[in-house]
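Structure at a glance
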Amino acid sequence: MSAATVTLPPISIPPHPTWPALTAAQKGALKQRIRALMQQRDAVLVAHYYTDGDLQELAEESGGCVADSLEMARFGSVQQARTLVVCGVRFMGETAKILNPEKEVLMPDLRASCSLDDGCPAALFAHFCDQYPEHTVVVYANTSAAVKARADWMVTSGIALPIVKHLSERGEKILWAPDRHLGRYVEKLSGAQDMVFWPGSCVVHEEFKSVALERLRRLHPEAAVLVHPESPESVIALADVVGSTTALIKAVTELPNETFIVATDGGIFHKMQQLAPQKRLLEAPTAGEGATCVSCAHCPWMGMNSLHNLATLLEQGGQPIEVSAEIREKAVIPIRRMLDFAAAQKRV
Ligand code: SF4
């Protein structure tokens, strides 16, 4: 089935933020100050694998968590703390708020967006969905609360495949949004028929280049190639392992290879190196010769989180994440469906 034509809005990609370098002593003092401020606010830190290594360490040291978006959502919803401080991008903060309306949800920088989210405006998406009234609407976590409110299911990359397979086995036709690469990958593996796709993509993963990757692999034939499924199909085709951030981290710890070529945001190296310090990690090539690298394997929006602006947020306060009751009541349904599905799978 051919998809209705959609003209995506232009995405404005911010420059990579730079933060003042800290000595070990300054970093230690700053972390201590943040921990004290979090205690005063009864706050817990939830950080994504793509954020800066210092934030990941602080989250773990202070009883918070470092995870992918599925686990971040789960973790946030079982916390007693009054405030959730989400270090990641805006849709993660919104998901935390949708699941925890009674809690205050703060983020170091509310401008931290995501190209998938920005490339799928709610009104345009609703119009697209209206053209497929018989399709079950499945959206990736990287979408706004308003887009989730129009969906039947939300999925993360870790659980997209079993959910789509489940729906397809029930005979449902699927409308998938917004990442077309992940959608095509899931379609191929699940055997789902009649899927239609929103044509979005992630500016970071889109940059991985298959020709340069092949060349790097020839230089390191001993290496296993790990690829996130938001990457283009030609890059996925070269992978030894395709999976979510959690699956790729697991591959580094469990595979016997000493060297890995990794095609996802470079922030993931912190956790990989922490769990497998003896292994060698190489960044998969982004821009090929002559091309312009817009991401260099580091998400500019994830880079908007640092110890510096986290401390400022906790000291001076910041605007909390707000989601209207009307949107929340609808958006919580596809999120809960996913969490219930994930919980049921664990019990099997
Ligand atoms: S890495 Fe890509 S998908 Fe992830 S937050 Fe950044 S732009 Fe969005």
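Residues numbered from 1 in each chain as written. Predicted model: local features only at pLDDT ≥ 70, side-chain atom pairs only at ≥ 80, totals over all residues.

This next bit is on the overall build of the protein chain. Counting its secondary structure elements, the protein chain contains 15 helices and 12 strands. Taking 20 Å as the expected radius of gyration for a compact globule of 348 residues, we find that the protein chain reaches 20 Å, a close match to that expectation. Counting only C-alpha atoms, the protein chain reaches 60 × 55 × 45 Å along its principal axes. A burial count over the protein chain gives 48% of its 348 residues as buried. (Helix = DSSP H or I, 4+ residues; strand = E, 2+ residues; numbered from the N terminus. Rg over C-alpha atoms; globule rule 2.2 N^0.38 Å. Buried ≥ 20, exposed ≤ 12 C-beta atoms within 10 Å, placed from the backbone.)

On to the nonpolar core, then. Within the largest apolar cluster, 107 residues are counted, with the highest numbers of intra-cluster contacts made by Leu 45, Val 46, Val 86, Val 138 and Leu 226. When near neighbours in sequence (up to four residues on either side) are disregarded, Val 86 contacts Val 46, Met 92, Gly 93, Ala 96, Val 105 and Met 107. (Core = buried A, V, L, I, M, F, W, Y, C linked by C-beta atoms within 7 Å. Contact = placed C-beta atoms within 7 Å.)

This part is about helix α9 (residues 180-190). Taken together, the buried positions of α9 are His 181, Leu 182, Gly 183, Tyr 185, Val 186 and Ser 190. Elements in contact with the buried residues of α9: β5 (135-140), α8 (160-169), β7 (173-177), β8 (196-197), α11 (233-236) and β10 (241-242). The positive-phi residue at the C-terminal boundary of α9 is Gly 191, with phi of around 75 degrees.

Pairing within the open sheet is parallel, and its 4 strands lie in the order β10-β9-β11-β12. Because the sheet does not close on itself, it has two edges, and the strands there are β10 and β12 (280-283). (Pairing = 2+ DSSP bridges.)

This paragraph deals with the confidence of the model for the protein chain. The pLDDT averaged across the protein chain works out to 94; a share of 96% of its residues lies at or above 70. Taken together, the stretch residues 289-293 has pLDDT below 50 and engages in 4 contacts with residues farther than four places along the chain or on a different chain. (pLDDT = per-residue confidence, 0-100.)

A word on the environment of Ser 12. Summarising the element assignment, Ser 12 is placed in the segment before α1 (24-41). Along the chain, Ser 12 and Asp 118 lie 106 residues apart, while their C-alpha atoms are 8.7 Å from each other.

Read across the sheet, 4 strands follow the order β2-β1-β3-β4 without closing on themselves; strand pairing throughout is parallel. With partners counted over all chains shown, the strands left at the sheet margins are β2 (65-67) and β4 (104-106), one partner each. Direction aside, neighbouring strands of the sheet carry axes that sit 20 degrees apart on average. Summarising the sheet, strand β1 (residues 43-48) and β2 pair through 3 bridges and their orientation is parallel. (Axes fitted to C-alpha atoms, helices over the stretch in contact; angles between N-to-C directions.)

Around the ligand sit 14 residues in total, of which Cys 114, Ser 115, Cys 202, Val 204 and Cys 299 are the nearest. Classifying every residue of the shell around the ligand gives 10 nonpolar, 2 polar and 2 charged. (Near = placed C-beta within 6 Å. Nonpolar A, V, L, I, M, F, W, Y, C, P; charged D, E, K, R; others polar.)

This part is about the packing of helix α3 (residues 69-77) against helix α4 (residues 90-99). Two elements in contact, α3 and α4, have axes separated by 9 Å at closest approach and are oriented at 35 degrees. By crossing handedness, the relation of α3 to α4 is classed as right-handed. Contacts from Ser 69, Met 72, Ala 73, Gly 76 and Ser 77 of α3 reach α4 at Met 92, Thr 95, Ala 96 and Leu 99. (Left-handed = near helix turned anticlockwise from the far one by under 90°.)

Another point: the pairing of β1. Of all 6 residues making up β1, 6 are buried, and the element is well covered by its neighbours. Sheet topology note: the β1/strand β3 (residues 83-87) ladder contains 5 bridges and is parallel. Within the sheet, the bridge partner assigned to Val 44 lies in β3 and is Leu 84. A crossover connection joins β1 to the parallel β2 through helix α2 (residues 53-61); in handedness this β-α-β unit is right-handed. (Right-handed = clockwise from strand over helix to strand, strands pointing away.)

Before going further, it helps to spend a moment on the pairing of β7. Burial within β7 is extensive, with 4 of its 5 residues counted as buried. Of the pairings in the sheet, the one linking β5 to β7 comprises 5 bridges and is parallel in character. Counterpart to Val 138 in the pairing with β7 is Trp 176. Between β7 and its parallel partner β8, the chain crosses via α9, and the hand of that crossover is right-handed.

This brings us to the packing of α1 against helix α14 (residues 307-316). When two helices pack together, their arrangement is captured by the angle between the axes and the distance separating the axes. Running from N to C, α1 and α14 point in directions that differ by 35 degrees, and their axes come no closer than 10 Å. Here the hand of the crossing between α1 and α14 comes out left-handed. Note on element contacts: α14 touches α1 through Leu 307, Leu 310, Ala 311, Leu 314 and Glu 315, opposite Leu 30, Lys 31, Arg 33, Ile 34, Leu 37, Met 38 and Arg 41.

Before going further, it helps to spend a moment on the domain arrangement of the protein chain. Domain boundaries assigned for the protein chain yield domain 1 (24-110 + 302-317), domain 2 (116-201 + 328-347) and domain 3 (205-283). For domain 1 and domain 3, the distance between their C-alpha centroids amounts to 27 Å. Each partner contributes residues to the interface: domain 1 has 9 residues there, and domain 3 has 8 residues. In the side of domain 1 that touches domain 3, the residues fall into 4 nonpolar, 3 polar and 2 charged. (Domains from an automatic or database assignment.)

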